[in-house]
Structures are given as C-alpha cells and as structure tokens.
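Summary of the model geometry
Residue strings, one per chain:
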Amino acid sequence: MMGDENMNSSMEPFLPEKDGYRVAVIGATGAVGQTMLEILAERDFPVSDLVPVASSRSAGSVINFKGREYTVQDLAAFDPASVDIALFSAGGSTSLEYAPRFAETGCYVVDNSSAWRMNPEVALVVPEVNPLAMEAARHNHIIANPNCSTIQMVVALKPLHDAVPIQRVNVSTYQAVSGAGGKAIEELAKQTGQLLNAQSTDVNVLPARIAFNVIPHIDVFMDDGYTREERKMIEETRKIMDADIAVTATTVRVPVFYGHSEAVNITFEAPLSAGQVREILADAEGICVVDDPKGEDYPMPSEAAGTDHVWVGRIREDQSCPNSLHLWVVADNVRKGAALNAVQIAEILIQQP
C-alpha cells in the first residue's frame, strides 16, 4: 500500500470499504496484462471476483489467478456494470472506445495506454510522486498510467525536486525491446540467432535491425524532429511534476529484452551535492541506490528485470555546468513501468483514510 506520507489524511475514499472488489483486467492475455495479474496476486490485492477480458481472438481462453482458472471474456460483449476497478492494457484505440463505457457505470479505470495521458481532465499518476492528482478521477473515473520511461524517471526526480527545485532535465534513454511488445522480443531473439549463424536478418517490427545494434528512433517522428516517445517524456514529466521544468529527451532502443535505462542530467536552482542526492534517494519511496564506483557497482537492466524498484546509480556532479548532476536510472519497464504502477493506483482507490 501507499505510504501515508504521500496521502492527504482527509481524502475521501474513492470506493466503499469491503472485503473484496470486482476487478477486470482488460488485455489480460498480453504481457502487461499477465504481469498485472501476477502483481495483484503478489501484493494480495483484495479481489473478490477477477474478470479477465480481451479481444475476441483471445476470448474463451483460460488464465490462472491464485490457483483458480478464469475464462477470458470478450471485451466487445462484456457488461462492466458490476466492476469496481478495471485495469486497461489493450492499446489506445481500445481504451478510447471502451474506457468511458466502464467509467459511466461507476467503475474506476486505470489505463496503461497513451490515450488519456495528456487529457487535461484526466489524472496522470505515479503513486510515489503525485497521488493527490487522483482527485480529478472523482468526476470522470479514469486515471492514466504514464509512459514507462517517464515513470522511472519521475520517481527519481521527485524527491530531489522537493529538496531543491529542478530547472531543467536532459535525458537519454536505453529502452528494452519489450517496450515495443512481444513481437519485438521475438524479433531480437530471432535476429540474434540469424547473425550468430551468418544469416541475413528479418526486420518486421522495429524500424531497423536491433540485434547487435541501437536504434535512435522510438515511435513516429514529429515535425520538429523529436519522436512521439520523446514528446511523451517531455510533456508527461511536466504534467506530473511541474510545468515550469524544461525537459528534453532522446529515446533509443537497445538490444535488451527487459529493463529500461536512462542517463539523466539535471540542473537545479541551487547547489545540491552528489552526497546529498545519495542520502535523499536512499530515503525515498520505491528507490534503491546502487552507487559504488570503487567497487564498480551500479544498476543494470539485467539485474533490474523482475524487480519493482527504481534503481539509481552513477550519481555525480556535472563539472561542465553549475548546479547540475548526472543520474543513471534503471527499472523493469513491464513491472514498474506499467503493471505495478497501475496496481499501486488501484491500491489508492481502495485505501481508506
């Protein structure tokens, strides 16, 4: 559950207190949907009735949750009237069509797509950062999950911004192929085998060959030369944290299966030493600091994969610019970058003051 330090003790409950809640997972057969189910079970979320929902292609299949089998329902035919919380991970167009239908019944929707993130009427929430933004959901019952790269970065930035206001953030990402879906994972594996066997590679999912390569191109290019992924990080960070923070980003796909990494350069309004940053982050919720240059110890995606923390290391003062620091930030993009963040939001929905 969320720590009390981030919640207003006078906040009215979103949902009435009861022994269990009817929870629907939309996109339950996908990678993020399956991880949502795992995390609901791991965190012992009070589910009285689970409803796995997916497209007609997956309807009728069976999934296992806490030792019981559940039949996947067809989203197009499903009646959401009795659902308390719906965790959506089924793509933007699906969310735009179906999330309002769920919300109209009084169900709270936590959406993992980009469909609602920049809607000014919809809360964009990272529980460790801005849980009080969820108040906006009382009138429309929709809460947006940010982009996976944004989530891990703002978790690291928020406690520092609270200590000394941040003026500017410059981030370069090193994003795993799982961020592009299961077919991208298969493509990396297949291309790796092809190259190791001196064969030509098939490129069908990502913009270019990803095996033994890096691609400075995630999502479509905009007219200003930024990609949509970069614009997401810029706009979402400012919406979640502070509209006055200047943000720029370069997002890059790397041949890693799970775990996004970010090199983050931060400029503050006043000096903040590397030692102070280590102390602040060591005490921050959801963060694990691994920063021992002498021992060559730092976060890596291979170690972050399968974990729930945001890992921070390579903390050092920027010798080229006053009041500036470097951070290296790593997290499992499918867990904290998607499924866990959604479940944490659901935990706030049932938290009683």
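Before going into details, it helps to say that this report is about the structure given with it. (Residues numbered from 1 in each chain as written. Predicted model: local features only at pLDDT ≥ 70, side-chain atom pairs only at ≥ 80, totals over all residues. Heavy atoms only, no water.)

A complete count under the given rule lists 18 salt bridges for this structure. A salt bridge links Asp-224 to Arg-231, with the nearest nitrogen and oxygen atoms 3.6 Å apart. You can call Asp-224 partly exposed: its relative accessible area is 46%. The exposure class of Arg-231 is partly exposed, given its relative accessible area of 24%. Linking Asp-308 and Arg-335 is a salt bridge whose minimum nitrogen-to-oxygen distance equals 2.6 Å. Separated by 27 residues along the polypeptide, Asp-308 in the loop between helix 8 (301-304) and strand 14 (310-317) and Arg-335 in helix 9 (residues 335-350) bring together distant segments of the chain. Owing to a relative accessible area of 28%, Asp-308 belongs among the partly exposed residues under this scheme. Of the residues examined, Arg-335 reaches a relative accessible area of 9% and is grouped as buried. Each of Asp-219, Arg-228, Glu-229 and Lys-232 takes part in salt bridges that share partners, so that together they form one network. (Salt bridge = Lys/Arg side-chain N within 4 Å of Asp/Glu carboxyl O. Buried < 20%, exposed > 50% of the residue type's maximum accessible area, 1.4 Å probe, protein only. Helix = DSSP H or I, 4+ residues; strand = E, 2+ residues; numbered from the N terminus.)

On to the packing of aromatic side chains, then. To describe a pair of aromatic rings, you give the distance between the ring centres and the angle between the ring planes. One pass over the full model with this rule turns up five aromatic pairs. Summarising the aromatic geometry, the rings of Phe-14 and Tyr-108 are spaced 5.7 Å apart at their centres and angled 90° between planes, so their arrangement reads as edge-to-face. Placement of the pair is Phe-14 in the segment before strand 1 (21-26) and Tyr-108 in strand 7 (residues 108-111), with a sequence separation of 94 residues. For the pair Phe-14 and Tyr-108, one class covers both residues: buried. Here a set of aromatic residues connected by ring pairs shows up, and it is made of Phe-78, Phe-88 and Phe-102. Between Arg-138 and the ring centre of Phe-14, over which it is positioned, the NZ or CZ distance is 4.0 Å. (Phe/Tyr/Trp six-rings, centres within 6.5 Å; stacked < 30°, edge-to-face > 60°. Lys NZ or Arg CZ within 6 Å of the ring centre and 35° of its normal.)

Attention now moves to the packing of helix 4 (residues 148-163) against helix 7 (residues 274-282). At their nearest, the axes of helix 4 and helix 7 sit 9 Å apart, and the two run at 120° to each other. Helix 7 is crossed by helix 4, and the crossing has right-handed handedness. Facing Ala-156, Pro-159, Leu-160 and Ala-163 of helix 4, the residues of helix 7 in contact are Val-277, Ile-280 and Leu-281. Each residue belonging to the contact of helix 4 with helix 7 can be placed in one class, and the counts come to seven nonpolar, no polar and no charged. (Axes fitted to C-alpha atoms, helices over the stretch in contact; angles between N-to-C directions. Left-handed = near helix turned anticlockwise from the far one by under 90°. Contact = heavy atoms within 4.5 Å. Nonpolar A, V, L, I, M, F, W, Y, C, P; charged D, E, K, R; others polar.)

Below, the discussion takes up helix 4. A maximum bend of about 30° is found in helix 4 at Leu-157, where proline Pro-159 lies one to four positions downstream. For helix 4, the tally of buried residues reaches 13 of 16 residues, placing the bulk of the element in the interior. N-capping of helix 4 is provided by Asn-147, with a side-chain oxygen placed 2.8 Å from the backbone N of Ser-149. (Bend = angle between axes of the 7 residues up to and from the residue. Polar contact = N/O pair within 3.5 Å; in protein donor to acceptor, adjacent residues only side chain to side chain.)

Consecutive side chains of a regular strand alternate in pointing toward one face of the sheet and then the other. Here strand 3 (residues 62-65) shows a buried face lined by Ile-63 and Phe-65 and an unburied face lined by Val-62 and Asn-64. Bridge analysis of strand 3 against strand 4 (residues 68-71) gives four bridges, and the strand direction is antiparallel. Along strand 4, the bridge assignment pairs Phe-65 with Arg-68. Following strand 3, the chain reverses through two residues before pairing antiparallel with strand 4; Lys-66 in that reversal takes a positive phi of roughly 50°. (Pairing = 2+ DSSP bridges.)

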